[in-house]
Amino acid sequence: MFELNKIEILKSSISELSIYEREVKASSIDVYDDITKDFIENSIYNFKNSDKLKNGELIDNELFEQYKDNATLEEFYKTLTQNITHKYFEILQCNSRVPSAEIITLLMSADNTNYLAVFKYTHKTMLVADKMQEEIKINKKSSLFVSKNHKADEGFIIDLNNYTLEVIDHKYEVNGDKEYIFKDLILGATTQYSQAEKLEIFTKVTKNLNDKYIQEDIDKISKIKQAVKNIVLEKRFLNINDFLDRAFEHDEELRKIYKATLLKSGLKEIDEINIPDNVLKKYLRQKLITETGIEITIPIDY
């Protein structure tokens, strides 16, 4: 959703949220330190390229609007950071299934637009930090610096002009219910499916329908696999409507069944699903059972 070209980091802070502490411990981050800057930029890049990323928007802007008109940008950022980290801390203190964490918050600008970014790291991937009075530099000795592939466990980026957002969130048991902490309990946002969720739904639905309606019909199974393979090789993604047209070109009844089930599961005809190479490989080959009961694997176009 966000291109984020030529990012300028305006402010940054890190907050430690621990079940063993009575309050949030927060420090500002030295955004001019090269190692720290690289760490933050890699976090943003890996967040943006995750297949777990969801696009969405805020349902209730109250948390943002009540400060925006009566504060400078830095005051606005400081108030938002305190509200978000303290809300998370309150949830953590009352729910043992929510892990302790460190949260990095960023105020950044790109293409004349200001963004608030929040990245959460559980203590399993503890950030190592060098304290310099009230400022912190990220320490390169941290295990997160083994490669540039380190990722925040969860987080979000919000466009402060229109309150659209990108979020990666996991469900935790909160007060007896499974909840998304960032999306539902702190932000109050609505989101679309992530690429990972779309792929999971598509895979599950097609497998169940294949087992029910196609079973061991080799020609129909081959037609479905060829449709997925050809669309992805042509477009680098799978379009649901294209899939239905090609897989069931001569079987309108099956097309209607698959379409209805996919739509009922939350997918849309216009949805585009990224198919990773390791998943696409499954659509390049098919298994056959010979008359003697031997299972063999052959290319799908054989």
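Residues numbered from 1 in each chain as written. Predicted model: local features only at pLDDT ≥ 70, side-chain atom pairs only at ≥ 80, totals over all residues. Heavy atoms only, no water.

1. Focus: the pairing of strand E8 (residues 154–159)
Each regular strand carries side chains that alternate between the two faces of the sheet.
Working step 1: Of all 6 residues that make up E8, 6 are buried, and the element is covered over most of its length.
Working step 2: Here E8 shows two buried faces, one formed by Glu154, Phe156 and Ile158 and the other by Gly155, Ile157 and Asp159.
Working step 3: Pairing of strand E5 (residues 113–122) with E8, which is carried by 6 bridges, proceeds in the antiparallel orientation. Along E8, the bridge assignment pairs phenylalanine 119 with glycine 155.
Working step 4: Both E8 and strand E9 (residues 164–168) contribute to a ladder of 4 bridges, which runs antiparallel. Across the sheet, isoleucine 157 pairs through a bridge with glutamate 166, a residue of E9. (Buried < 20%, exposed > 50% of the residue type's maximum accessible area, 1.4 Å probe, protein only. Helix = DSSP H or I, 4+ residues; strand = E, 2+ residues; numbered from the N terminus. Pairing = 2+ DSSP bridges.)

2. Regarding unusual backbone geometry
Only a minority of non-glycine residues have a phi that is not negative, and only a minority of peptide bonds are not trans.
Working step 1: Backbone geometry at asparagine 175 places phi at a positive 55 degrees, although glycine is not the residue there.
Working step 2: Among the secondary structure elements, asparagine 175 is positioned in the loop between strand E10 (171–174) and strand E11 (177–180).
Working step 3: For asparagine 175, a relative accessible area of 62% gives the class exposed.
Working step 4: Despite not being glycine, arginine 236 shows a phi value in the positive range, around 70 degrees.
Working step 5: Mapped onto the fold, arginine 236 is located in the loop between helix H6 (218–235) and strand E13 (238–239).
Working step 6: The exposure class assigned to arginine 236 is exposed, which follows from its relative accessible area of 53%.

3. Looking at the packing of aromatic side chains
Working step 1: One pass over the full model with this rule turns up 7 aromatic pairs.
Working step 2: Their ring planes at 45 degrees and their centres at 4.4 Å tell us that phenylalanine 248 and tyrosine 258 sit as a pair that is tilted. Placement of the pair is phenylalanine 248 in the loop between helix H7 (240–247) and helix H8 (252–264) and tyrosine 258 in helix H8, with a sequence separation of 10 residues. Each member of the pair, phenylalanine 248 as well as tyrosine 258, carries the same accessibility label: buried. (Phe/Tyr/Trp six-rings, centres within 6.5 Å; stacked < 30°, edge-to-face > 60°.)

4. What to know about H8
Working step 1: The terminal C-alpha atoms of H8 lie 18 Å apart, and with 13 residues this matches the ideal 18 Å at 1.5 Å per residue to within 8%.
Working step 2: Along H8, the positions that sit buried rather than exposed are Leu254, Arg255, Tyr258 and Leu262. Considered in projection along H8, the buried side chains sweep an arc of 100 degrees and stay on one side of the axis. H8 presents Glu253, Lys256 and Lys264 as exposed residues on the side facing more than 90 degrees away from its buried surface.
Working step 3: On the buried face of H8, the contacting elements are helix H5 (195–214), H6 and H7. (Expected span 1.5 Å × (residues − 1). Arc of directions from axis to C-beta. Contact = heavy atoms within 4.5 Å.)

5. Details of H5
Every α-helical turn comprises 3.6 residues, leaving residues that sit three or four positions apart pointing alike.
Working step 1: For H5, which comprises 20 residues, the first-to-last C-alpha distance of 27 Å matches the rise-based estimate of 28 Å (1.5 Å per residue) to within 8%.
Working step 2: Along H5, the residues classified as buried are Lys198, Leu199, Ile201, Phe202, Val205, Thr206, Leu209, Asn210 and Ile214. The arc enclosing the buried residues of H5, seen along the axis, measures out at 160 degrees, which places them on a common side. Residues of H5 that are exposed and angled more than 90 degrees away from the buried face: Glu200, Lys204 and Lys212.
Working step 3: Count one or two residues on from H5 and you reach glutamine 215, which has phi positive near 55 degrees.

6. Digging into the confidence of the model for the protein
Working step 1: Scored by pLDDT, the protein has a mean of 84; 84% of the residues are at 70 or more.
Working step 2: Across residues 128–133, where pLDDT falls below 50, the model places 12 contacts with residues more than four positions away in sequence or in other chains.
Working step 3: Under a pLDDT of 50 for its full length, residues 141–147 has, in the predicted model, 13 contacts with residues more than four places off or in other chains. (pLDDT = per-residue confidence, 0-100.)

7. Digging into the side chain of serine 18
Working step 1: Structurally, the position occupied by serine 18 is in the loop between strand E1 (8–17) and strand E2 (25–29).
Working step 2: At 3.1 Å, the side chain of serine 18 forms a polar contact with the backbone nitrogen of tyrosine 20. (Polar contact = N/O pair within 3.5 Å; in protein donor to acceptor, adjacent residues only side chain to side chain.)

8. Remarks on the environment of lysine 171
Working step 1: Topologically, lysine 171 is positioned in strand E10.
Working step 2: Accessibility expressed as a relative area gives 46% for lysine 171, which makes it partly exposed.
Working step 3: Each C-alpha atom of the pair lysine 171 and lysine 183 lies 9.7 Å from the other, and the pair is 12 residues apart in sequence.
Working step 4: Setting aside chain neighbours within four positions, we find lysine 171 in contact with Lys178, Glu179 and Tyr180.

9. A short note on the nonpolar core
Working step 1: The biggest cluster of nonpolar side chains holds 31 residues, and the ones touching the most others in it are Phe64, Tyr88, Leu116, Phe156, Ile158 and Leu187.
Working step 2: Sort the elements by how many residues they give to this core and helix H3 (residues 73–94) lands first, with 8 residues.
Working step 3: Contacts of phenylalanine 156, omitting those with residues within four sequence positions, involve Phe47, Ile84, Leu116, Ala117, Val118, Glu166, Val167, Phe182 and Leu187.
Working step 4: Judged by nonpolar contacts, the second largest core, of 26 residues, contains Val205, Ile224, Leu254 and Val279. (Core = buried A, V, L, I, M, F, W, Y, C linked by side-chain atoms within 4.5 Å.)

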